[in-house]
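Structural overview
The residues making up each chain are set out below.
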2 protein chains.
Amino acid sequence: MNFEIKYKDALGRIGKLKTPHGTVETPALMPVIHPGKQTIDVKKYGADMVITNAYIIYKNEELKNKAMENGIHNLINFDGPIVTDSGSFQLSVYGDIDVDNSEIIEFQENIGTDIGTSLDIPTPPYVKRERAERELQITLERAEEAINVRGNLMLNSVIQGSTFPDLRAKCAQVIGKMDFEVYPIGAVVPLLENYRYMDVLDIVMASVGNLPPSRPRHLMGAGHPMVFAFAVATGCDLYDSAAYILYAQDDRFMMPDGTYKLENLFHMPCSCEICANYTPDDLRGMKKEDRMKLIAAHNLNISFAEIRKIKQAIIDGNLLELVENRCRSHPYLLDALRGLKKYKNILEEYDPAYKKSAFFYSGPESLNRPEIYRHMKGLKKLPKKDKLVLLPAFKKPYSKNIENILLNNPEMENIHDLVGEMYKIHNLEINNPVLDESTQIAVVDYPFGIIPLEIDEVYPMAQNEAPSCLDEDSKKFIRDTINEYKDNFNEIIISERVIKKFDLDYKFKKSEESLKINLDDLNKIEYIADYQFGEGSGKALFNGKINVIKSKKTGKIRHIHDGDSLIATIRASDGIFVLSMEGARRLHNYLQYPKNRVVVNTDAEPFAKKGKSIFAKFVIDCDINIRANEEVLIVNEKDELLAFGKSLLNGREIMDFNVGQAVKTRKGGK
Amino acid sequence: MNFEIKYKDALGRIGKLKTPHGTVETPALMPVIHPGKQTIDVKKYGADMVITNAYIIYKNEELKNKAMENGIHNLINFDGPIVTDSGSFQLSVYGDIDVDNSEIIEFQENIGTDIGTSLDIPTPPYVKRERAERELQITLERAEEAINVRGNLMLNSVIQGSTFPDLRAKCAQVIGKMDFEVYPIGAVVPLLENYRYMDVLDIVMASVGNLPPSRPRHLMGAGHPMVFAFAVATGCDLYDSAAYILYAQDDRFMMPDGTYKLENLFHMPCSCEICANYTPDDLRGMKKEDRMKLIAAHNLNISFAEIRKIKQAIIDGNLLELVENRCRSHPYLLDALRGLKKYKNILEEYDPAYKKSAFFYSGPESLNRPEIYRHMKGLKKLPKKDKLVLLPAFKKPYSKNIENILLNNPEMENIHDLVGEMYKIHNLEINNPVLDESTQIAVVDYPFGIIPLEIDEVYPMAQNEAPSCLDEDSKKFIRDTINEYKDNFNEIIISERVIKKFDLDYKFKKSEESLKINLDDLNKIEYIADYQFGEGSGKALFNGKINVIKSKKTGKIRHIHDGDSLIATIRASDGIFVLSMEGARRLHNYLQYPKNRVVVNTDAEPFAKKGKSIFAKFVIDCDINIRANEEVLIVNEKDELLAFGKSLLNGREIMDFNVGQAVKTRKGGK
């Protein structure tokens, strides 16, 4: 296996792809090189890997001889990894080519290509299903043939299936089981050219969702920086760009938010060397060939800058913020962004559970982010209560500020003074007018909906920002959330400020309860544990008797001991538990196998015990529901606890990869 | 007067500001130059004008002598326009300074400053009203003194008033009447630093809305490219940046979507020369001083690129699309964007009526754009009808596509087959079951709400794109629009597809009418004329008898004659009328003075008749409701028609400016 993951965000990843001519960091953009005609040195603009066309070389006697003699790296004068396409593009344009699959694979192997391609059939969008099925059959047969024909050549095998997501899915499943190194997603260019981004999304998700996560995917023909962020966030790792030169020939400047035509430009729109040093008039006054080179340079500058910016966003954990920004550049791209809602399951599965960045709300589309969906699921893990009290939001963290306000205003008799009148949903009966242990107090705020006060400092409930001017989707989201959540309780009491702010339309009656807020440390840490590790984990970890050490500076809970024994620490940056060995033991006792486990083979056992990180190849089983950046238990085949640590991948990735780290071990066992 | 407008969009403008050391194009960013300490040559990054501090020079014996002897341009080695601040900043930081207003103004004049500043009191945000009023009084007195003291020195006079919009407005009104060349908006830095963009918006709008449009405004201390687009769109022309160097000293990279700290960078986030040629590790490995210069260079590169991009957006007419994009970078900036809704009147007034670009919907905030608000007002100019039929939207242009569908599907008996069942709003009585001249047929689509079929090719009803996935704000906007518009009719018939798509919640009953669509050319052109020039204009222009010439290629109406006489032409790009002289005469006869008029003095009369453009200084009166890019009538003092043409400014600007063109004349009279 030639690929490993270094950082993750949404479905995007920064990976390392190993090839005979070096290792390339993904997401990567491969400029298309025309063999024999290339005049621009793409390496100088940041290209680590390029793509060229083996069929063109094969068909040209002179190029063919040179390539056979001196190798392709010599032919196109590039010493990094070279990917070659097989002639499928020519097939899609001219309908027929005169080479067969095994010939072109052998040829690619002979000329020293790093990653070759089998001769798939690029079925166009919107064809009749019968044709798509028939051509897919041939593509699958050729894929199998390719595997048999190749020697050491790394191979692309292209996902086809036209605009039928189920055919794309089938193709991905079948060839995903074969031993290819890269999976391109093919025949999307006509869709990209016509702004059919929603169809591209459906194709990408059908493909990515059915491919092994351990191989890079190449969105073939996607070369415009407008789509890079979105495509990366949906799991595409490789891009090729002939666009940089084609657009330049047509006097067009690519930008991450669209395209400018030179004829319309009064001012250069970007910060690159070309845009900073030339005016549109300078360019218009030049010879076509000179101008073309400069515009191509701009196109490469901006494209590689966008790839760098995307990588930085993955590391920072704000890739989806970048995507939401980029998708404003065209309404159809915004449409596709809104379409992500359909895929929230898979997005949540691959998205890391904890990130460096705060959550920034940028519009209704942010309501589809994995963090929110995950929180909705997290709420179900909390202890069941009888009564729910919903308060309006104050400054974050909510509990602290509510306490502060009450503390600094001793004249406030109770919570009424703070939040206005309280109302009950009318058709629920009032059983118990006094707040007690059977009452859940929560704040209503967007974009996270309902936030029980106990977990209001857990990421990202305290680490998010949203505009104070609400949009209608947010109001509806809150109404839907309350509507769904309220059925877990026998009685709901709601502040009038919540009712008004979110236009709640239940029948209410005024409540006479005297509400007092009394947040208990034990309660709080049990809730956090349940939210983080699952229902009942809090009781299992802390046994009801704790010794809490708080930060002198912030007053926040830091360490929780049982007597002298440290059980867990709350990480200040994101409010979640990092376990001690004793904590890990207690959790391991409580949670049923395979919950929260990563199981390593006997070879790895001594390393795990010493606190060495766990490599994916040593993992023989794991909880498939693990998300990246979670606290996990490391066990052996007998489910004996060896160590614990932070998952770097999700469950499915841990199982699929056999290269790279899977878990960063925190502390060895004894 | 030293300022004229070249292009407009929203409240933004590209202007030319004349100074003793040359003319500068606005929006312009002025890097702050430290006199004596500057090491970076800002000119090479695109600075045409700089700002420095006269008080610092005044207080330093050596600098003072040099400046008095050789002039400030020599002192700071910059041959373009130099703006000097007066020490107000020091006053705001240290509370007291030892120079008085007239001294510092004289000093600025003596050292050859291009634009000096009077010594205002920079009242901080959120102070008590009493203090803000007291300090404002001093600021106003000093402004008056400054006018009296100065010789030929161009002068800034700063708008103060803390966070009280009414005080800012008062200040703008008072000093706006005095003869200052530039109006800075002061003391907003603490707000910008704390992301209080909504407060900044309120201050800017209170200031800009009460300042004469003919002078440039300087948003003092706004130097981060994040806010440039938004500030330009709300009417700010000048910016100063000490940030480029302050951020660099702190290892921070400014970007139009935020700030990166070097310590967190794995990849350089931009396309500029620095980001393309260095890695974060390269920079981290350098000496502080070397690194600082490179980061400052990046900060200048990205800042000037943003200014260029904004200028291009103004020319293209898509500045608000850029603003909506940029405001996603921080939720509080998004909040301010949402706050623009409060200012839709003034935004619409200054926004050109017709633009080059299509309208791109980028989210609920786009519903506040002037084009939509203007359309809602335009609907009121249309002929009153008895009955309203609301159809669902088809591909644009709607009327053409409905006609095509019906034409190509002869089996369709009537509109029911196309749009599903039709329903009436229940509580309205059915008077007349047959479609006739008293029926208005319109399409319901977002973001423009209700589009009568007759005007569906008028800009921007055919020139807009929105995602097919609706957000809740758009649904609500449609419901509100229908709710408001329906009262103009006795009877409303609505397609079930409209009811479902936008969740209409009236009580409906099924309608039995047989609906047929029959679009009549005369009807259509009368509607367009009414929509463009006001109620009754269509009848006045075309007299009910017309001879229509259509494009052979598109089938669209091009020219309308009465017999042999051309009345008007419909411009293909935006579907509005360009008049002939005969058309102008008819419109002039019909519309009451001053409607649609620009009145020129006798000096300009012969030039107007010859078809020369009208300069603002010759205009003695005009219809204050004129928008930029409208078709207007040019008359003399006796209201005799001289010519007609396209307004380049709005009514208020035409009256206020005495430099530059006001109307581009289309054709002289006879």
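Everything in this summary refers to the structure shown in the same document. (Residues numbered from 1 in each chain as written. Chains lettered and ligands numbered in written order. Predicted model: local features only at pLDDT ≥ 70, side-chain atom pairs only at ≥ 80, totals over all residues. Heavy atoms only, no water.)

It is worth spelling out the interface of chain A and chain B at this point. With 52 residues of chain A in contact, the opposing surface of chain B contributes 52 residues. Counting each side, the surface lost to burial between chain A and chain B is near 4600 Å², with a carbon and sulfur contribution of 52%. Our count for the contact surface shared by chain A and chain B stands at four salt bridges. For the salt bridge of A:Asp471 with B:Arg338, the shortest nitrogen-to-oxygen distance reads 2.7 Å. Counting every contact that joins chain A to chain B gives 31 residue pairs in polar contact (both at pLDDT 80 or more). Mapped by element, the contributors of at least two residues to the side of chain A that touches chain B are α12 (273–277), α14 (288–316), α16 (331–339) and α21 (472–485) of chain A. Top contributing element to the side of chain A that touches chain B by residue count: α14(A), with nine residues. Here the residues of the side of chain A that touches chain B are counted per class, giving 26 nonpolar, 11 polar and 15 charged. (Contact = heavy atoms within 4.5 Å. Buried area = accessible area lost by both parts, 1.4 Å probe. Salt bridge = Lys/Arg side-chain N within 4 Å of Asp/Glu carboxyl O. Polar contact = N/O pair within 3.5 Å; in protein donor to acceptor, adjacent residues only side chain to side chain. Helix = DSSP H or I, 4+ residues; strand = E, 2+ residues; numbered from the N terminus. Nonpolar A, V, L, I, M, F, W, Y, C, P; charged D, E, K, R; others polar.)

To continue, consider the packing of aromatic side chains. In this description, an aromatic ring pair is defined by two values, namely the gap between the centres and the angle between the planes. Applying the stated criterion across every chain, the model contains 22 aromatic pairs over all chains. Summarising the aromatic geometry, the rings of A:Tyr361 and A:Tyr446 are spaced 5.1 Å apart at their centres and angled 80 degrees between planes, so their arrangement reads as edge-to-face. A residue pair is termed long-range when its members are at least 10 positions apart, and A:Tyr361 in the loop between β14 (359–360) and α18 (370–379) and A:Tyr446 in the loop between β17 (439–445) and β18 (449–452) qualify at 85 residues. On the basis of relative accessible area, A:Tyr446 is assigned to the buried category, the value being 5%. Seen from the ring of A:Phe78, A:Lys43 lies directly overhead, with NZ or CZ sitting 5.1 Å from the centre. Seen from the ring of B:Phe359, B:Arg369 lies directly overhead, with NZ or CZ sitting 4.2 Å from the centre. (Phe/Tyr/Trp six-rings, centres within 6.5 Å; stacked < 30°, edge-to-face > 60°. Buried < 20%, exposed > 50% of the residue type's maximum accessible area, 1.4 Å probe, protein only. Lys NZ or Arg CZ within 6 Å of the ring centre and 35° of its normal.)

All right, on to the relation of the copies chain A and chain B then. Least-squares fitting of chain A to chain B yields an RMSD of 0.0 Å, with the superposition described by an axial translation of 0.0 Å and a rotation of 180 degrees. With respect to symmetry, the two chain copies, as superposed, fit the operation of a two-fold axis. Every residue of chain A has its C-alpha some distance from the rotation axis, and the shortest such distance is that of A:Cys272, at 2.0 Å. (Least-squares fit on C-alpha atoms with pLDDT ≥ 70 in both.)

Right, let's get into the packing of helix α10 (residues 225–233) of chain B against helix α15 (residues 319–326) of chain B. All names here are of chain B. Relative to each other, α10 and α15 sit at 140 degrees, their axes nearing to 9 Å. With respect to α15, the element α10 is oriented oblique. Crossing geometry of α10 relative to α15 is assigned as left-handed. Of α15, the residues touching α10 (which contributes Met 226, Ala 229, Phe 230, Val 232 and Ala 233) are Leu 319, Leu 320, Leu 322, Val 323 and Arg 326. (Axes fitted to C-alpha atoms, helices over the stretch in contact; angles between N-to-C directions. Parallel < 35°, antiparallel > 145°, perpendicular 65-115°, else oblique. Left-handed = near helix turned anticlockwise from the far one by under 90°.)

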